[in-house]
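A closer look at the structure
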Amino acid sequence: MPQADPELSVVVLAGGIGSRFWPASTPARPKQLLPLASPRSLIRDTVERALALVPADRLKILAGGHLVPPFRRELEGLGDDAFWVEPRARGTGPVLAWAAHRIAREHPEAVMVSLHSDHFIDPTDAFREVILRGARIAAQTGALVTVAVPPDRPETGFGYIRMGDPLSEGEEGYQVAAFIEKPDAPTARRYVEAGYLWNSGIFIWSASRFLEEVRLHAPEIGDHLHLLDQDREEEFFQTVPAISVDEAVLERSGRVGTVPATFRWDDLGSWDALSRTRTPDDDGNVVEGEAYLTESRGNVVWAEDGPVAMFGVEDLVVARAAGVTLVAPRNRAGELKRLIARLPESLRDRPPRAPEGDE
C-alpha cells in the first residue's frame, strides 16, 4: 500500500536584502519584492508554490521585523500570523531550529519544509511531487532531506552533493555521501562530469527529528534550546552564534539524505542570473524595462527608472533604479558587494523613486 503523505508545515526564509541586485535591491526594497524570476515578485512566486503544498495556516514567512510591512502589502490575503519575526539575524542554523521548535510544539508529527524566497523553480507540479516524495522519505526514515538539482553547467557559485546508497524502498532518495563547498571552475567541470548534483538549500525533515539532530551535533545551538522551551526567544537569539544550518547540522549528521529534483531550478544570486530565467532576444540580450540596444550582444539590462540606450557593447550588466545606474561586466556580477562596500551609505541604500503623481 502506498505511504500516505505526511502532515506538512512550510517555512520561507525571507531575510536579507540581495545586495548583488543593487541598485534595484536595497534595504527599503529587498530583492524578494522584485520580479526577477517572473512578472511577479520573488516572494509572491515562493508563497504561491508553498500554497500548492499546504493551506495558508501551515505557511510561515521568517523575516526581520522591518521586512514584514512591505511583505504584508505584497502578500494581501495572508494574515499577521503568517509572519514569524526573527528577533535577530543569526543565519539559517538558529532560525530553522527556532522555527522547528515552534512547529513541533504545535504539530509534533509535522514534516517541515524549508524554502528560500529567491529561487527560480518551474514547473510547480514537478516541484510539489519532489517535495512530497522527500516528505515521505523523511517521515519513513527520519532522514534530514535536501533537494539536489542535476546541473546544466559547471557552476562555481553553488555547493555540490555526492550521492551515496539508496535511502528507502519505494521512493527515489539517496544518502548524502558528501557535501562539497563551492569549487573553482576546473573542479566544477569535474564534478558535473562525475555526476555530482547542486545543493539547492531546499530542506525537508521531521521538525522533532531535526531538533534531536541539533542537540546531538550542534551544541552551539542545541545547548540553548531550553530558552525556547521557556519562551525566551529574544535571549536565544542573543546567545547563539551566527551559523548556517549546513555547517551546524547537515555536515555533521549521519542522517542526511537527498532527493533529485525533476524541475528547473536556479538560485537568483546576481544580475547574471536573469540571463537564465528570462527569454533573450536574437542577440542574447535580456531586457527588463525601456531599453534600446543597437549592435549589442549578451547584455543584461534592468531599466525601471528611465530608458537605457546601449551601442556596440557586449556582456554587460546595466541596471538603472532609484536615480542610479550600475554598469559592470556580466562575468563579475557576483562580485558586486565589493563595489557596494566602497559606496557612501546614502547612495547604496537609496530608496526607489515613487511613481509619477505619487506624493
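This text goes with the structure placed above it.
Here is a short report on the structure shown in this document. (Residues numbered from 1 in each chain as written. Predicted model: local features only at pLDDT ≥ 70, side-chain atom pairs only at ≥ 80, totals over all residues. Heavy atoms only, no water.)

Thoughts on the environment of Ala37
For the record, the criterion: Each helix is a run of DSSP H or I of at least 4 residues and each strand a run of E of at least 2, with the numbering of both proceeding from the N terminus. Buried residues are those whose accessible area, probed at 1.4 Å on protein chains only, stays under 20% of the maximum for their type, while exposed residues exceed 50% and partly exposed ones sit between those limits. The contact rule is simple, with two residues in contact once any of their heavy atoms fall within 4.5 Å.
By secondary structure assignment, the location of Ala37 is in the loop between strand E1 (8–13) and helix H1 (42–51). Taking the relative accessible area as the measure of exposure, Ala37 reaches 11% and is therefore buried. Separated by 81 residues in sequence, Ala37 and Asp118 have C-alpha atoms that sit 8.5 Å apart. When near neighbours in sequence (up to four residues on either side) are disregarded, Ala37 contacts Leu42, Asp45, Phe120, Leu268, Thr277 and Arg278.

A short note on the packing of helix H3 (residues 92–106) against helix H6 (residues 207–217)
Quick note on the threshold: Lines fitted to C-alpha atoms define the axes here, with helix axes fitted over just the stretch in contact, and angles between the N-to-C directions of these axes take values from 0 to 180 degrees. What sets the label is the angle itself: under 35 degrees gives roughly parallel, over 145 gives roughly antiparallel, 65 to 115 gives roughly perpendicular, and the rest give oblique. Crossing handedness is read from the near helix: turned anticlockwise from the far helix by less than a right angle, it gives a left-handed crossing, and turned clockwise, a right-handed one. Residue polarity is assigned by list, with Asp, Glu, Lys and Arg as charged and Ala, Val, Leu, Ile, Met, Phe, Trp, Tyr, Cys and Pro as nonpolar; anything else, Gly included, falls into the polar class.
At a closest axis distance of 8 Å, the pairing of H3 and H6 adopts a crossing angle of 135 degrees. One finds that H3 runs oblique with respect to H6. The handedness of the crossing between H3 and H6 comes out as left-handed. Contact with H3, carried on its side by Leu96, Ala97, Ala100, His101, Ile103 and Ala104, involves Ala207, Ser208, Phe210 and Leu211 of H6 and no other residues of that element. Across the contact of H3 with H6, the residue classes break down as eight nonpolar, two polar and no charged.

Quick look at the sheet that holds strand E14 (residues 316–321)
Note the threshold: Any two strands are treated as partners once DSSP identifies two or more bridges connecting them.
The four strands lie next to each other as E12-E13-E14-E15, forming an open sheet whose pairing is mixed. Where the open sheet ends on each side, the last strands, each with one partner, are strand E12 (286–294) and strand E15 (324–329). If you compare each strand with its neighbour and ignore which way they point, the axes differ by 25 degrees on average. When E14 meets E15, the two strands line up antiparallel, connected through six bridges.

Observations concerning H1
With respect to burial, H1 is a largely interior element, seven of its 10 residues being buried. For H1, the complete set of buried residues consists of Leu42, Ile43, Asp45, Thr46, Val47, Arg49 and Ala50. Buried-residue contacts for H1 involve E1, strand E2 (59–64), helix H2 (68–74), strand E4 (111–116), strand E5 (119–122) and helix H4 (124–141).

Observations concerning the side chain of Arg278
By the secondary structure assignment, Arg278 is in the loop between helix H11 (274–277) and E12. Ignoring any residue separated from it by four or fewer positions in sequence, one finds Arg278 in contact with Pro35, Leu36, Ala37, Ser38, Val286, Glu288 and Trp302.

Here's the deal with the pattern of salt bridges
This is how it is decided: For salt bridges, the criterion is a side-chain nitrogen of Lys or Arg within 4 Å of an Asp or Glu carboxyl oxygen.
Evaluation of the coordinates by the stated rule reveals 25 salt bridges. For Glu288, the salt bridge goes to Arg278, with nearest N and O atoms at 2.6 Å. Within this pair, whereas Glu288 is found in strand E12, its partner Arg278 is found in the loop between H11 and E12, the two being separated by 10 residues in sequence. For Glu288, a relative accessible area of 29% gives the class partly exposed. Owing to a relative accessible area of 17%, Arg278 belongs among the buried residues under this scheme. One salt bridge in this structure joins Glu335 and Arg338, with 2.8 Å as the shortest N-O distance.

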